[in-house]
Each structure stands twice: as C-alpha cells, then as structure tokens.
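Here are the chains, one letter per residue:
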Amino acid sequence: MKFSIALAALMVAGSSASLLKSPSYYEGKFEAWMKEHSIEISKEEYDVRLGHFSELDDRIELHNAKNMTYTLGHNEYSHMSWEEFREAKNIGSPMPEKPHLLGLSRDESNKHTADGPPAFADHWWCFADWMPFCGDSPSDNDDIDMTSDWVEKGGVTDVKDQGSCGSCWSFSTTGAVEGAYFLKTGSLVAFSEQQLVDCDIDGDDAGCNGGLMDNAFKWIKSNGGLCKEDDYAYKAKQGTCQTTCEEVDGSAVSAWVDVQQSDKAMESALDQQPVSIAIEADQRDFQSYSGGVLTASCGTNLDHGVLAVGYGTMKFEGADDIDYYRVKNSWGPSWGKDGYIYLERGVSQSGGQCGMLMAASYPVL
C-alpha cells in the first residue's frame, strides 16, 4: 500500500492543510480518474501526482459546498499543481497589444458598436466597393435576439486541445474564421492552427510562446487563406512552415473589426457571428472550472485567447438568474462544461468579466 508515502508526498509538496478524507479514499478516486482519462503515471511520479490530486479534490469539495454560481470538478489536469498548469498553458504571460493602423490608434468609427458593424468606406483598407461593409452605414440593432448561440446554429467546430503549447491565440483565430466561413458559405470547416503556429512568425506572434488574434487575421489575409486542419494537423509544438497544403477557397480575411468595449456592442457582434476575445485566465479556479456562470473576480490582465460563441441567461433555483457569455476554450472537452466556460455578462467592472470586452475582434471574409 502507498498511503503513507502519498501523505509524505503531500508534505514535500508544501501542503499546509490537513486532508479531509482518508488516504484510501483519495487513492481509490485517483485510480478511477486515471482510468477515466486514460492517463498513465510512473511509479516515480505516482505519489506526487496523487498528492496534487488529493489537495485539488478537497478544494473542489469545499468550493462546491458553498453553492456558488459555478462549480469546480476534476478533469484531465487534476494531477498537476497550479504552477505546472499555468506553465503548461502559458497563462500569466501578457498577450501582445493590439496593433495600430498606420501608427494611429483605432478610433470608435472603425469598431463594431451597439448599432452594428462599421462603415468601412472612409478607411484605408477599403480598396474596392465590393469589400464587405464598404459604404454601408451601421444598422439599427436594437432588436437583437435575447439569446444567441452559434454552437446551436451549427457555426462552431468541436472543442479542440492546444496541449502543452501556448497557442491559444491560434485556436481563437481559427474559431473566428470558422464562424465567418460558416456565415459566408453555410459550410462548417475546421481550419489549421498548426499552420498559424508554424508560419505566422514574422511579427509578434510566436508559436507556442503566444500571439494575438488581430495579428493572425492580418497574416491570413496576406497568405490568401488557411488550410484545413485535416491537411495541416496540429502537433502542439512549433515546426517548419509547410507549404504543400492548399488554402481553402474563400477563407482569406479581407478585413477584421474590433468590437467596442461594451456589453451592447458585444451582444450585437455575437448576434452576427462568433468573436475572438482575450481574457485573464491566470486564476486558480480556471484549472478545475466545471460549469455554471463564473462570477468571481478574475482580473483584466489579458493572457489567454478564446472564442465567444453566444450569450444568454442561466436560471438558478432559489436565486436570481444570471446573464452570461458562452466561451469556447482550447483545453479539451474534459475541461469546463464540455470544453466551454460561461462568463458573467453585464458586470460593473471595466473591461467585462475577466477582461473579455477589452480586446474583442472578428474577421470578415
């Protein structure tokens, strides 16, 4: 039996709290977790991993006993310490700042507002009258839907997994392009993150070391589109740029639009299509979030690219309803609510929940 060794490992790991249950309880639960997630752990690592799992199990139980608006639960990362998880997902490091146009800051006239998308006719990137939105005036979007969900509408691909590579920005980018392509063609195509990781490296984007969605939209425009994921498979590490795959016809970005920093503007944009956003994910509960609406304070130091796919209202028995944004992550389907997180909508803090309103944008194909 390994009970005493496992408890010793907890002390080595620096645990200052006593465990809530018996050693046999944790080991039995840990063995079942390993089987569920098809995870093999060496004898040398077993005790340390069991220690991390046991501490997290207590944290989950204590949190869920409070009956808050969101729950925690085990997933494929439950054997990691918080520090290991942060490093594996490259969170805690700031994302690049949004680029400026011709050295000038973007102004409100070229952003998606509560009234709808911008008129592009007066801006430098509007080279021809056939470009999307060119010459159009913002529409009146006071009658946008009370809820919008692009997963239910068929415009979102299955949840993907970035692995131990800080490539979240590429997944947010492909998700937004997948949504725009669906809007344009009616077909849902999974685009290649690996192509961005390998090839979009001449600017601020740096493969597994981070990047920004706006920069990736710019690269896709210059490249003439993206290849299918099936033709340029994800490897969770940076490699040599491959040029043998064929870019999907109609996947080239012609323009990209920033969303004004307000809930009304975000709702208007999401009523139109999925939106790339950046959030601060460098908070402990992100490792084991499992459902409900995240209402805890989570900061605005943007370090993680994700995809907003809808909004709505979640009902809670015996409590007030909570408005939310539905957000697709790239940490696999075992994380969160089937790979998604619900962030509170309409919070008073500037920048929105976890800063999600601060750097939102979407591509136009």
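Preceding this paragraph is the structure being described.
Residues numbered from 1 in each chain as written. Predicted model: local features only at pLDDT ≥ 70, side-chain atom pairs only at ≥ 80, totals over all residues. Heavy atoms only, no water.

Observations regarding the nonpolar core
At step 1: Met266, Val275, Ile277, Ile279 and Phe286 are the most contacted members of the largest nonpolar core, which has 45 residues in total.
At step 2: Residues in contact with Ile277, not counting those within four places in the same chain, are Ser172, Met213, Met266, His304, Gly305, Val306, Ala308, Val327, Met356, Ala359 and Ala360.
At step 3: One finds Val156, Cys227, Cys245 and Ala359 within the second-largest nonpolar core, a separate group that totals 34 residues. (Core = buried A, V, L, I, M, F, W, Y, C linked by side-chain atoms within 4.5 Å. Buried < 20%, exposed > 50% of the residue type's maximum accessible area, 1.4 Å probe, protein only. Contact = heavy atoms within 4.5 Å.)

A closer look at the packing of helix H5 (residues 168-185) against helix H7 (residues 213-223)
At step 1: Closest axis-to-axis distance for the H5/H7 pair is 9 Å, and the angle between their directions is 60 degrees. Between H5 and H7, the interaxial angle falls into the category oblique. Read as a crossing pair, H5 and H7 show a hand that is right-handed. Together, Trp169, Ser172, Thr173, Ala176 and Val177 of H5 and Met213, Ala216, Phe217 and Ile220 of H7 make up the contact between the two elements.
At step 2: For the contact of H5 with H7, a count of residues per class yields seven nonpolar, two polar and no charged. (Axes fitted to C-alpha atoms, helices over the stretch in contact; angles between N-to-C directions. Helix = DSSP H or I, 4+ residues; strand = E, 2+ residues; numbered from the N terminus. Parallel < 35°, antiparallel > 145°, perpendicular 65-115°, else oblique. Left-handed = near helix turned anticlockwise from the far one by under 90°. Nonpolar A, V, L, I, M, F, W, Y, C, P; charged D, E, K, R; others polar.)

A few points about the pattern of salt bridges
Side-chain pairs of opposite charge can arise whenever the charged atoms involved come near each other.
At step 1: Counting across every chain of the model gives 14 salt bridges.
At step 2: Linking Asp321 and Lys315 is a salt bridge whose minimum nitrogen-to-oxygen distance equals 3.3 Å.
At step 3: Taking the shortest distance from any N to any O, the salt bridge between Asp323 and Arg345 comes out at 3.7 Å. Of the two residues, Asp323 sits in strand S8 (residues 322-328) while Arg345 sits in the loop between strand S9 (340-344) and strand S10 (361-364), which places them 22 residues apart along the sequence.
At step 4: Salt bridges sharing common partners tie together Lys160, Glu178, Glu193 and Glu229. (Salt bridge = Lys/Arg side-chain N within 4 Å of Asp/Glu carboxyl O.)

A look at the state of the cysteines
At step 1: Evaluated as defined, the whole model comprises four disulfides.
At step 2: Residue Cys227 pairs covalently with Cys245 via a disulfide, S to S 2.0 Å. The S-S bond linking Cys227 to Cys245 shows a torsion near 80 degrees; that makes this disulfide right-handed. Taken together, the positions of Cys227 in the loop between H7 and strand S4 (255-259) and Cys245 in the loop between H7 and S4 put the pair 18 residues apart, joining distant regions of the chain. Here the two residues Cys227 and Cys245 agree in accessibility, since each one is buried.
At step 3: For Cys298, the disulfide goes to Cys354, at an S-S distance of 1.9 Å. Its S-S torsion of approximately -105 degrees makes the covalent link between Cys298 and Cys354 left-handed. Residue Cys298 is located in the loop between strand S6 (289-294) and strand S7 (304-314), and its partner Cys354 is located in the loop between S9 and S10; the two are separated by 56 residues in the primary sequence.
At step 4: Overall, Cys298 belongs to the buried group, its relative accessible area being 2%.
At step 5: For Cys354, a relative accessible area of 0% translates into the label buried. (Disulfide = S-S within 2.5 Å.)

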